[in-house]
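Spelled out, the chains give:
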Amino acid sequence: MTTQIPAEADWDQAPGLLEGAMDLELTAADCNLRYWLQAVPQGTLRGRPDGHDPALTVAPYMLEGPFFEAITQEYAFRALAEEKATRVLSYLVPIAPDNDTMEFYATQVLDECRHAMVFRNHLLALGIAPERLVEAVDAFASPYKDSVLKPLEQRSLEIMRDDRDFIGGVVMMTIILEGALAPAAELSERKWRPLDPAAAEIDKGAGIDEIRHLTVGADIARRHLLDHPQDKDRVVELIRRGMDMWAELPTHDMVHWREERFQEGLRRHGDVVGDYEIWPGRRLIDTTAQERQDTADQWSDDMKAKRLKYMGLEEALA
């Protein structure tokens with residue numbers, strides 16, 4: 001009997017990350033452990049143990065020069081970010097208020113762990129020797145692993161481990177961390193698609209997971225606040241504090257360096273991308289580093305505003 005894969009987890013039918021994260025509505029009951037066992041191993045990941053079609057290979061221009069510098073910094077940083085998310089999120093599992101929510105966060109822990117693995121493994125495909133992988137990840141992600149990831153990890157641990165604040169942890173992940181990083185992941189999939197199809201597939205698969213994480217997290221927060229309206233002011237303040245913290249981190253410097261190296265790669269290998277459009281009506285070859293970064297920032301603002309409105313927390317942006 002053929003297993004019916006939910007459309008949002010089907011490799012060929014799933015919406016893009018931005019569309020799905022802003023428009024879909026999923027609950028923890030929709031996405032419990034039974035859902036995950038059917039939808040993810042048998043759907044999203046079927047035939048893609050490393051996150052992409054095994055037949056896809058890395059082109060020579062990705063193995064050195066500016067494209068290599070851009071993607072190794074990006075994937076090393078994302079591997080560390082996903083590793084830290086795995087460890088931090090595990091604290092939500094024992095304090096989840098019901099079985100469906102507990103199961104959902106248990107599956108998200110596994111999702112984040114898988115993401116860390118596939119980002120690391122693609123560095124091997126880019127020519128990093130296995131015995132140097134840990135050292136290389138640390139080197140490529142430096143200095144932003146300390147200036148960006150460390151303070152975010154510490155704040156998340158304060159909320160989830162020390163305070164055992166379940167709804168605070170949900171909001172931290174949904175709005176401050178994954179919510180802010182998702183548009184950059186969407187940009188990554190689009191820009192690597194004509195250059196490194198394996199990387200684009202890795203991004204696509206991770207994006208399918210993130211749609212589930214963001215939409216279920218938003219629903220959990222919304223339901224909590226409907227049932228506990230007295231908690232709203234505290235949650236709004238937590239979001240504002242998180243957004244202020246995010247604004248002080250050097251994330252823009254990190255992304256800008258990455259996009260400048262990508263731009264240099266376009267100058268050297270523009271023939272590879274040809275007339276490929278990164279979004280409708282705009283050829284990748286014609287974009288600039290600043291334009292791509294500004295576009296991802298706008299996507300982030302739009303998604304944050306829509307999800308906060310859905311949760312009844314739009315005043316957090318005031």
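Residues numbered from 1 in each chain as written. Predicted model: local features only at pLDDT ≥ 70, side-chain atom pairs only at ≥ 80, totals over all residues. Heavy atoms only, no water.

Points about the packing of aromatic side chains
Here comes step 1: A full pass over the atoms with the stated rule returns nine aromatic pairs.
Here comes step 2: Here Tyr-75 and Phe-119 contribute two aromatic rings whose centre-to-centre distance is 4.9 Å and whose plane-to-plane angle is 65°, an arrangement assigned as edge-to-face. Taken together, the positions of Tyr-75 in helix H3 (residues 65–89) and Phe-119 in helix H4 (residues 99–125) put the pair 44 residues apart, joining distant regions of the chain. Take Tyr-75 and Phe-119: they sit in the same class, and that class is buried. (Phe/Tyr/Trp six-rings, centres within 6.5 Å; stacked < 30°, edge-to-face > 60°. Helix = DSSP H or I, 4+ residues; strand = E, 2+ residues; numbered from the N terminus. Buried < 20%, exposed > 50% of the residue type's maximum accessible area, 1.4 Å probe, protein only.)

Quick notes on the state of the cysteines
Here is the idea: a disulfide is a covalent bond, and it sits between the sulfur atoms of two cysteines.
Here comes step 1: Per the stated rule, a full pass over the model turns up zero disulfides.
Here comes step 2: Summary of cysteine pairing: Cys-31 is not part of a disulfide, and the nearest cysteine sulfur, belonging to Cys-113, is at 20 Å.
Here comes step 3: With relative accessibility at 1%, the residue Cys-31 sits in the buried group.
Here comes step 4: Relative accessible area serves as the criterion here: at 39%, Cys-113 is assigned to the partly exposed category. (Disulfide = S-S within 2.5 Å.)

With respect to the side chain of Thr-174
Here comes step 1: Structurally, Thr-174 can be placed in helix H7 (residues 166–192).
Here comes step 2: For Thr-174, a relative accessible area of 6% corresponds to the buried category.
Here comes step 3: A polar atom in the side chain of Thr-174 sits 2.8 Å from the backbone oxygen of Val-170.
Here comes step 4: Beyond its immediate sequence surroundings of up to four residues, Thr-174 is in contact with Gly-179, Leu-214, Gly-217 and Ala-218. (Polar contact = N/O pair within 3.5 Å; in protein donor to acceptor, adjacent residues only side chain to side chain. Contact = heavy atoms within 4.5 Å.)

A closer look at the packing of H7 against helix H8 (residues 197–227)
When two helices pack together, their arrangement is given by the angle between the helix axes and by the axis-to-axis distance.
Here comes step 1: Running from N to C, H7 and H8 cross one another at 155°; their axes reach a closest spacing of 8 Å. In terms of orientation, H7 lies roughly antiparallel with respect to H8. Both H7 and H8 take part in a crossing whose hand is left-handed.
Here comes step 2: Class assignment for the residues of the contact of H7 with H8 results in 14 nonpolar, six polar and five charged. (Axes fitted to C-alpha atoms, helices over the stretch in contact; angles between N-to-C directions. Parallel < 35°, antiparallel > 145°, perpendicular 65-115°, else oblique. Left-handed = near helix turned anticlockwise from the far one by under 90°. Nonpolar A, V, L, I, M, F, W, Y, C, P; charged D, E, K, R; others polar.)

Notes on the packing of helix H6 (residues 144–162) against helix H9 (residues 232–248)
Here comes step 1: With their axes 11 Å apart at the nearest point, H6 and H9 run at an angle of 165° to one another. When the axis of H6 is compared with that of H9, the two are roughly antiparallel. Seen along the crossing, H6 lies across H9 with a hand that is right-handed. Facing Pro-151, Leu-152, Arg-155, Glu-158 and Ile-159 of H6, the residues of H9 in contact are Leu-238, Arg-241, Met-245 and Trp-246.

Some details on the layout of surface pockets
Here comes step 1: Within this model, the largest pocket holds a volume of roughly 930 Å³.
Here comes step 2: The wall of the largest pocket is formed by 47 residues, among which Leu-177, Ala-180, Leu-181, Ala-182 and Trp-246 lie closest to the centre.
Here comes step 3: The biggest single contributor to the lining of the largest pocket is H7, with twelve residues.
Here comes step 4: Among the residues making up the lining of the largest pocket, the classes are represented as 25 nonpolar, seven polar and 15 charged.
Here comes step 5: Space inside the second largest pocket adds up to approximately 250 Å³. (1 Å grid on protein atoms, 1.4 Å probe; cavity = no way out; pocket = protein on both sides within 12 Å on 5 of 7 lines; lining within 4 Å. Points joined across faces, edges and corners; volume = space filled by probe spheres on them.)

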